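# Observations on the three-dimensional arrangement
Given next are the chains, with one letter for each unit.
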Amino acid sequence: VDGKLLAYPTIGDGQSFQIKRHGFHLSEFLRNESLTKKFGRGSMVVCRLCLADYHHFHFPDSGIPEASEPIPGKYYAGGPYSLSALIPFYSENYRMLSLFNSDHFGAMAIVEVGAFTVGSIRQRYVPGVRITKGCRKGFFELGGSTVVLLFEKGAIQIDKDLCENTEKNMETYVRFGDAIGRAQR
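Basis of the calculations
Residues numbered from 1 in each chain as written. Predicted model: local features only at pLDDT ≥ 70, side-chain atom pairs only at ≥ 80, totals over all residues. Heavy atoms only, no water. Helix = DSSP H or I, 4+ residues; strand = E, 2+ residues; numbered from the N terminus. Buried < 20%, exposed > 50% of the residue type's maximum accessible area, 1.4 Å probe, protein only. Areas by Shrake-Rupley, 256 points an atom, 1.4 Å probe, with all protein chains shown as cover. pLDDT = per-residue confidence, 0-100. Contact = heavy atoms within 4.5 Å. Phe/Tyr/Trp six-rings, centres within 6.5 Å; stacked < 30°, edge-to-face > 60°. Pairing = 2+ DSSP bridges. Axes fitted to C-alpha atoms, helices over the stretch in contact; angles between N-to-C directions. Polar contact = N/O pair within 3.5 Å; in protein donor to acceptor, adjacent residues only side chain to side chain. Salt bridge = Lys/Arg side-chain N within 4 Å of Asp/Glu carboxyl O.

## Here we look at the overall build of the protein
- Regarding its fold elements, the protein presents 4 helices and 14 strands.
- Scored against the burial criterion, the 185 residues of the protein give a buried share of 50%.
- Of the roughly 9000 Å² of accessible surface on the protein, 53% is carried by carbon and sulfur atoms.

## What to know about the confidence of the model for the protein
- For the protein, the mean per-residue pLDDT works out to 85, and 83% of the residues sit at or above 70.
- For the protein, helix H3 (residues 89–92) is the element with the lowest average pLDDT, namely 56, and strand S12 (residues 156–158) is the one with the highest, namely 97.
- Across residues 75–88 the pLDDT falls below 50, and counting only partners more than four positions away or on other chains, this stretch makes 27 contacts in the model.

## Things to note about the packing of aromatic side chains
- Per the counting criterion, the structure on display carries 5 aromatic pairs.
- The interplanar angle of 90° and the centroid separation of 5.4 Å between the aromatic rings of Phe59 and Tyr125 together place this pair among those described as edge-to-face. A residue pair is termed long-range when its members are at least 10 positions apart, and Phe59 in the loop between strand S5 (56–58) and strand S6 (63–71) and Tyr125 in the loop between strand S9 (120–123) and strand S10 (136–141) qualify at 66 residues.
- Under the relative-accessibility criterion, Phe59 is labelled buried at 3%.
- Seen in terms of ring centroids, Phe105 and Phe151 are 5.5 Å apart; in terms of plane orientation they differ by 65°. Their pairing is edge-to-face. Placement of Phe105 in the loop between strand S7 (95–102) and strand S8 (106–113) and of Phe151 in strand S11 (residues 146–151) is noted, with a sequence separation of 46 residues between them. Each of the two residues, Phe105 as well as Phe151, counts as buried.

## Quick look at the sheet that holds S9
- Strand order in the open sheet made by the 3 strands is S5-S10-S9, with antiparallel pairing throughout. The strands lining the two open edges of the sheet, one partner per strand, are S5 and S9. Strand-to-strand twist across the sheet, computed as the mean angle between neighbouring axes with direction ignored, equals 20°.
- Sheet topology places S9 next to S10; 4 bridges connect them, and they run antiparallel. Residue Ser120 lies in a different strand from S10, and its bridge partner there is Glu141.

## Observations regarding the side chain of Ser145
- The topology assignment puts Ser145 in the loop between S10 and S11.
- On the basis of relative accessibility, which here comes to 1%, the residue Ser145 falls in the buried class.
- Polar side-chain contacts of Ser145 include one of 3.4 Å to the backbone nitrogen of Gly114.

## Points about the pattern of salt bridges
- Under the criterion given, the structure shown has 8 salt bridges.
- Note that Arg48 is salt-bridged to Glu171, the shortest N-O span being 2.7 Å. With Arg48 in strand S4 (residues 43–48) and Glu171 in the loop between helix H4 (160–167) and strand S13 (172–174), this pair connects stretches of sequence that are 123 residues apart.
- On the basis of relative accessible area, Glu171 is assigned to the partly exposed category, the value being 22%.
- Its salt-bridge partner being Glu112, residue Lys137 comes within 2.9 Å of it at the nearest N-O pair. Remark: Glu112 occurs in strand S8 and Lys137 occurs in strand S10; sequence separation between them is 25 residues.
- With relative accessibility at 1%, the residue Lys137 sits in the buried group.
- Taking the relative accessible area as the measure of exposure, Glu112 reaches 0% and is therefore buried.

Next comes the structure, spelled out in structure tokens:
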């Protein structure tokens, strides 16, 4: 996707993440104990889309995707206009979770997060059918939103500049096709 990226090389047990003043824990975000354990010591990349960004999302690697499953929630505002309320955006908004068996990164979770002006998250792939890197996965209808990538421990080395910017609470703008790290497998 195109968007503003935050990178977390290690997700600690019970660690709280603050993104645009909205805090969340991985367990609240996934609402699935086994997936929280699976990705709980891994890495996380969060890419926040704005209204002007390209709103289609693509697979970050070749591999075999599983079916997407909804994680129910409401459509809260996630942009600058939401600063008057501290809603736990990433753990309360409607989300779609897809497990992805990546050729180079192993097991991944790809999670699309809806926002107030996003009416729908549309998936456009066939579960269980091999895809190649860059294939379109789906798109958001109207507005801005977020895509979160979760990796198992040791699967990725995220680029140093992205991690340093995140430590300073600075988002880094990335575009579709930009490298954000390297596979460690």
